[in-house]
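As a plain string of letters, each chain reads:
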Amino acid sequence: MKKIVIIFIFSSSLVGFGQTIRGFSNEFLNIGVDAAAFGMGNAVSATANDVNAIYWNPAGLVEINDYQGALMHAEYFQGIAKYDYAAFAKPIDNQSAFGVSVIRFGVDDILNTTNLIVDGSIDFNRISLFSAADWAVNVAYARKLANKHVNFGVNAKVIRRKIGDFASSIGFGFDAGIQYKKNGWQFGVMIRDITTTFNAWSFNDDELNSIIAIYDDLNTAILNDNDPSNDDEIIPTVVPEKLEITKPKMQLGVARKFPLSRDFGLLTSLDLNMRFTQTNDVISSSFVSITPSLGFQLDYTGVVYLRGGINNLQNRTNFDTSQSLTLEPNFGVGFKYKGIQIDYALTNIGGASGTLFSNVFSMKVDFSFFR
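Residues numbered from 1 in each chain as written. Predicted model: local features only at pLDDT ≥ 70, side-chain atom pairs only at ≥ 80, totals over all residues. Heavy atoms only, no water.

Caption draft 1: Inspection of the packing of aromatic side chains at higher detail. Tallying each qualifying case throughout the model produces 11 aromatic pairs. Centre to centre, the rings of F172 and F198 are 5.5 Å apart; their planes meet at 40 degrees, and the pair counts as tilted. Placement of F172 in strand β9 (residues 167-182) and of F198 in strand β11 (residues 197-203) is noted, with a sequence separation of 26 residues between them. Assessed through its relative accessible area of 29%, F198 is described here as partly exposed. (Phe/Tyr/Trp six-rings, centres within 6.5 Å; stacked < 30°, edge-to-face > 60°. Helix = DSSP H or I, 4+ residues; strand = E, 2+ residues; numbered from the N terminus. Buried < 20%, exposed > 50% of the residue type's maximum accessible area, 1.4 Å probe, protein only.)

Structure (structure tokens):
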């Protein structure tokens with residue numbers, strides 16, 4: 001039986017509310033930012049030291065010397081979803097720095113067909129468009145500690161999620177990070193949603209009742225079609241909860257840069273991404289699940305960059321119930337001229353995880369070069 005697209009879009013947003021405390025929530029904030037980081041498989045929690053540290057590890061903000069700004073644009077699912085990011089940071093003094101960023105992940109121009117059929121008649125003029133968009137504003141502060149090798153940073157975030165006129169939420173949370181550098185080694189710890197992240201949802205009762213009525217009509221049609229084989233197509237009605245709490249996540253990173261010659265340098269990094277819930281990550285238990293990210297960056301005189309990385313190692317169950325390991329390879333290049341840096345990344349090369357590859361472009365401007 002043909003089903004209306006909007007039902008699946010809306011039901012996918014509601015099904016997640018079955019539990020108040022969730023292992024997966026606000027997932028758009030786990031994608032990442034900056035094409036340079038994507039090219040390295042997101043293994044940058046120990047090395048982030050510019051405006052993009054607002055996201056990756058706010059402790060790295062203290063490494064900036066002047067105003068910095070960043071922009072990024074990416075498209076997912078063959079352009080259906082748009083992912084945009086803008087950030088600004090500045091030093092407060094020699095010991096501290098401040099930054100703010102805005103992230104938007106959205107799907108626009110979705111067909112709303114809930115009023116397509118009224119009293120048994122179809123009227124295409126009743127089709128309208130809406131957007132499903134997730135927004136986050138991050139405000140970060142970083143400071144050097146008494147130990148000159150240690151930096152600390154905290155990130156406060158306000159989250160706004162909106163699904164057309166159907167539902168919207170407002171939320172807030174905190175991240176915190178530490179970086180330690182000594183003898184050429186760099187270490188980083190980033191804890192996201194350290195106090196858990198809170199989202200409060202509100203729903204348009206008229207629109208919600210309209211969706212539920214469509215569910216009921218479809219289920220009635222399935223039950224009355226005299227074909228028992230279709231009964232498994234019945235769509236359960238889910239009553240959404242209004243409170244959503246996101247569990248903490250943690251990244252542990254280590255990195256080291258090796259001088260290869262007078263003109264070439266190699267940066268290598270490893271991150272362990274930890275969720276405190278059971279997933280299909282390569283290391284998984286009821287307490288914590290861990291997937292590693294590995295990346296490298298080869299630079300020529302600090303002007304031209306070549307990057308590669310592997311992340312998202314998952315245990316996949318195949319149709320024959322056997323297990324196989326999947327991963328996401330990534331590739332990136334970058335070019336920096338004075339204070340302007342342009343980066344490009346091709347993520348998930350080969351579609352090993354079953355998702356489509358994505359092209360990511362970003363730009364960073366360091367105003368210290370224009371003084």
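Caption draft 2: Quick look at the pairing of strand β3 (residues 81-91). Pairing analysis gives nine bridges linking strand β2 (residues 68-76) to β3, with the strands arranged antiparallel. Within β3, the position partnered with L71 by the bridge is A86. The hairpin formed by β2 and β3 contains four residues between the paired strands, and F77 there has a positive phi angle of roughly 55 degrees. Pairing of β3 with strand β4 (residues 96-112) involves 11 bridges; the strand directions are antiparallel. Across the sheet, A86 pairs through a bridge with V102, a residue of β4. Hairpin geometry of β3 and β4 is characterised by an intervening segment of four residues between the two adjacent antiparallel strands. (Pairing = 2+ DSSP bridges.)

Caption draft 3: Focus on the side chain of S169. Structurally, the position occupied by S169 is in strand β9. Taking relative accessible area as the criterion, S169 reaches 1% and is therefore assigned buried.

Caption draft 4: A look at the environment of F198. The spatial distance from the C-alpha of F198 to the C-alpha of K247 is 9.6 Å, given a sequence separation of 49 residues. What F198 contacts, discounting residues up to four positions off in sequence, is I170, G171, F172, L243 and E244. (Contact = heavy atoms within 4.5 Å.)

Caption draft 5: Quick peek at the nonpolar core. One finds L61, Y83 and I103 to be the most contacted residues of the largest nonpolar core, which totals 38 residues. Per-element accounting of this core gives the leading share, five residues, to β3. Once you skip the residues sitting within four places of it in the chain, Y83 turns out to touch F28, I31, G32, V33, F38, M72, H73, A74, Y76, I103, R104 and F105. (Core = buried A, V, L, I, M, F, W, Y, C linked by side-chain atoms within 4.5 Å.)

Caption draft 6: Summary view of the environment of S368. Turning to its location among the elements, S368 is positioned in the segment after β20 (358-366). You can call S368 partly exposed: its relative accessible area is 28%. Contact partners of S368, with chain neighbours within four places excluded, come to D66 and Y67. Here the side chain of S368 touches D366 through a polar contact of 2.8 Å, side chain to side chain. (Polar contact = N/O pair within 3.5 Å; in protein donor to acceptor, adjacent residues only side chain to side chain.)

Caption draft 7: Structural view of the pattern of salt bridges. Considering all chains together, one arrives at 12 salt bridges under this definition. A salt bridge links D50 to K364, with the shortest nitrogen-to-oxygen separation between them at 2.8 Å. Here the residue D50 occupies a position in the loop between α2 (35-39) and α3 (53-56), and K364 occupies one in strand β20, the gap between them amounting to 314 residues. Since its relative accessible area comes to 12%, D50 is described here as buried. Owing to a relative accessible area of 16%, K364 belongs among the buried residues under this scheme. A salt bridge links D299 to K257, with the shortest nitrogen-to-oxygen separation between them at 3.6 Å. Here D299, found in strand β16 (residues 289-300), pairs with K257, found in strand β13 (residues 249-259); they are 42 residues apart in sequence, far enough to count as distant. One salt-bridge network, in which partners are shared between bridges, spans K157, D175, D193 and K249. (Salt bridge = Lys/Arg side-chain N within 4 Å of Asp/Glu carboxyl O.)

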